[in-house]
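Observations on the model geometry
What follows is each chain in one-letter form.
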4 protein chains.
Amino acid sequence: MKAEVLDLTELQAQLAQFAADRDWEIYHNPKNLSMALAGEAGELLELFQWKNIEESQQLSTTEKENVADELADILLYTVRLADRLQISLPAAAANKLKKNAAKYPVEKSRGNALKYNRWQKS
Amino acid sequence: MKAEVLDLTELQAQLAQFAADRDWEIYHNPKNLSMALAGEAGELLELFQWKNIEESQQLSTTEKENVADELADILLYTVRLADRLQISLPAAAANKLKKNAAKYPVEKSRGNALKYNRWQKS
Amino acid sequence: MKAEVLDLTELQAQLAQFAADRDWEIYHNPKNLSMALAGEAGELLELFQWKNIEESQQLSTTEKENVADELADILLYTVRLADRLQISLPAAAANKLKKNAAKYPVEKSRGNALKYNRWQKS
Amino acid sequence: MKAEVLDLTELQAQLAQFAADRDWEIYHNPKNLSMALAGEAGELLELFQWKNIEESQQLSTTEKENVADELADILLYTVRLADRLQISLPAAAANKLKKNAAKYPVEKSRGNALKYNRWQKS
């Protein structure tokens, strides 16, 4: 199987060109982009909000396309925001994976929803 | 300059292994993952909510690291959710870019916040 | 049973005083408040994200207190934002209930998740 | 000036009747309602995302109506969720105001965005 890769350099160039062509750079500051990203995450929620857990795993072709569109929106704003702040997403992801492994040691976390749960934070 | 790429195949394998090691697959259904993703988008918002637009562009090193962590969380849940639903993120992103280009023609969209704005939808 | 009422006039006065005492009015513009509200909605999500539907109905006392705190945060920002824009929440709620009744006629909507669902919008 | 009050008892009865008429109670569990609420908060964000702070304070009549509709949606889901979990919103709000006063003492918080800011949490 060939590995699936996302060419971030090309994607960032495409997004920058798209904004430049429309004189939209002025809108694409980090504050606004964080709002746009969260707005798309809200649209993703709306696709799942009235489905139960089983139904969320058995999407029709149309439903799956709608989810793909929202995930793409979220990904594009994530990539654009990272670009505006010169954040490397591969480095940030690798760093976060390492932090998560330290935060949730296998022995203490196994099958334990409570440990995994934000409730414990409070 | 070398292109920056994100190896989705490897990242999905790492996330799947992380969940399997902790018996967390049961939590990682699409409905739950959409909530976790939106929760992380909310944390990103909280980093920018009291900053004005200029301040959002002038982050300290610590602030930038916090943003990188939240973007990583969002990216990881996006990748994990795509994996659970067998959605190809590069294909979804390319498809969405094409749709956006059709939806916002350059001539009609140039410098026009109103056209770009959700207000117009209503 | 005595009716439970929320005194919006008093609540808005308390919130305005709280902000004035701290010189925080400058932060409380509609854009920022919409972000703060959505951030709190994200915290609410985090309380439910790994619970299944049954578990979300059987909260412990502590969990219920955490939910109450997040609902209060959401309510307070809703009230504050309405105040800043001079929007009457009772009028807005009554108006929205009327719109919803027209949008979802009983006969067509009964027990019909699909009609109720955002999927249908696309 | 007459005080503006929100009759929660009546509003909860209206929302319960609305759901009962359509056999929608099954959808209105706390997990689903938290998602619906956050989805509406996302729609609110979309109304402000490309506006700068000044523009967010100078809405047209139509824009203000759109904001009122989204605030109403958020309020209605907040009230419905509180009802499902038998949480008193006036008590929760009063309790949260007290916590906030303790968390942000006037002297230490005055005009100090940093203290108020989530950045400090990390």
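The structure contained in this document is the topic of the report that follows. For clarity, every value in this text was computed on a predicted model and none was experimentally measured.

**Thoughts on the packing of helix α2 (residues 30-48) of chain B against helix α2 (residues 30-48) of chain D**
- Packing of α2 of chain B against α2 of chain D leaves a shortest axis separation of 11 Å and a crossing angle of 45 degrees. By the angle between their axes, α2 of chain B is oblique relative to α2 of chain D. Pair α2 of chain B / α2 of chain D crosses with left-handed handedness. Where α2 of chain B abuts α2 of chain D, its residues Lys31, Asn32, Ser34, Met35 and Leu45 of chain B lie against Lys31, Asn32, Ser34, Met35 and Leu45 of chain D.
- For the contact of α2 of chain B with α2 of chain D, the per-class residue count stands at 4 nonpolar, 4 polar and 2 charged.

**Regarding the relation of the copies chain B and chain A**
- You can overlay chain B on chain A at an RMSD of 0.0 Å; the transform is a turn of 180 degrees with a shift of 0.0 Å along its axis. Expressed as a symmetry operation, the mapping of one chain copy onto the other fits a two-fold axis. Using C-alpha coordinates, one finds that chain B approaches the rotation axis most closely at Leu6 of chain B, a distance of 2.5 Å.
- Here 100% of the interface residues in chain B have copies in chain A that are interface residues too; the copies meet face to matching face.

**A closer look at empty space enclosed by the protein**
- Within the structure shown, the criterion is met by 1 cavity of 30 Å³ or more.
- Lining the largest cavity are 16 residues, with Ala38 of chain A, Ala38 of chain B, Ala38 of chain C together with Ala38 and Gly42 of chain D positioned closest to its centre.
- Those elements giving two or more residues to the lining of the largest cavity turn out to be α2 (30-48) of chain A, α2 of chain B, α2 (30-48) of chain C together with α2 of chain D.
- Looking at side-chain class alone, the lining of the largest cavity contains 12 nonpolar, 4 polar and no charged residues.

Calculation criteria
- Going along each chain's sequence as written, the residues are numbered from 1 onward.
- Chain letters and ligand numbers both follow the written order, the letters beginning at A and the numbers at 1.
- Totals for whole chains, interfaces and linings use all residues, but because this is a predicted model, local features are given only for residues with pLDDT of at least 70 and pairs of side-chain atoms are given and counted only at 80 or more.
- Only hydrogens and water are set aside; all other atoms, that is, all heavy atoms of the structure, feed into the side-chain values.
- To obtain an axis, a line is fitted to C-alpha atoms, over the contacting stretch when the element is a helix, and the angle between two such axes runs from 0 to 180 degrees between their N-to-C directions.
- Only runs of H or I of at least four residues qualify as helices and only runs of E of at least two qualify as strands under DSSP, and these elements are numbered from the N terminus.
- Comment on the angle field: the value is read as roughly parallel under 35 degrees, roughly antiparallel over 145, roughly perpendicular from 65 to 115, and oblique elsewhere.
- By definition, turning the near helix anticlockwise from the far helix through less than a right angle yields a left-handed crossing, and turning it clockwise yields a right-handed one.
- Whether two residues are in contact is decided by their heavy atoms, any of which lying within 4.5 Å being enough.
- Ten residues, namely Ala, Val, Leu, Ile, Met, Phe, Trp, Tyr, Cys and Pro, are considered nonpolar, four, namely Asp, Glu, Lys and Arg, are considered charged, and the remaining ones, Gly among them, are considered polar.
- Least squares is used to superpose the copies, and the fit set is the C-alpha atoms of residues whose pLDDT is at least 70 in both copies.
- Only protein atoms enter the calculation, which uses a 1 Å grid: trapped sets of points that fit a 1.4 Å probe without letting it out are cavities, open sets showing protein on both sides within 12 Å along at least five of seven lines are pockets, and any residue with an atom within 4 Å of a point is a lining residue.
- Grid points are joined across faces, edges and corners, and a volume is the space filled by probe spheres set on the points.

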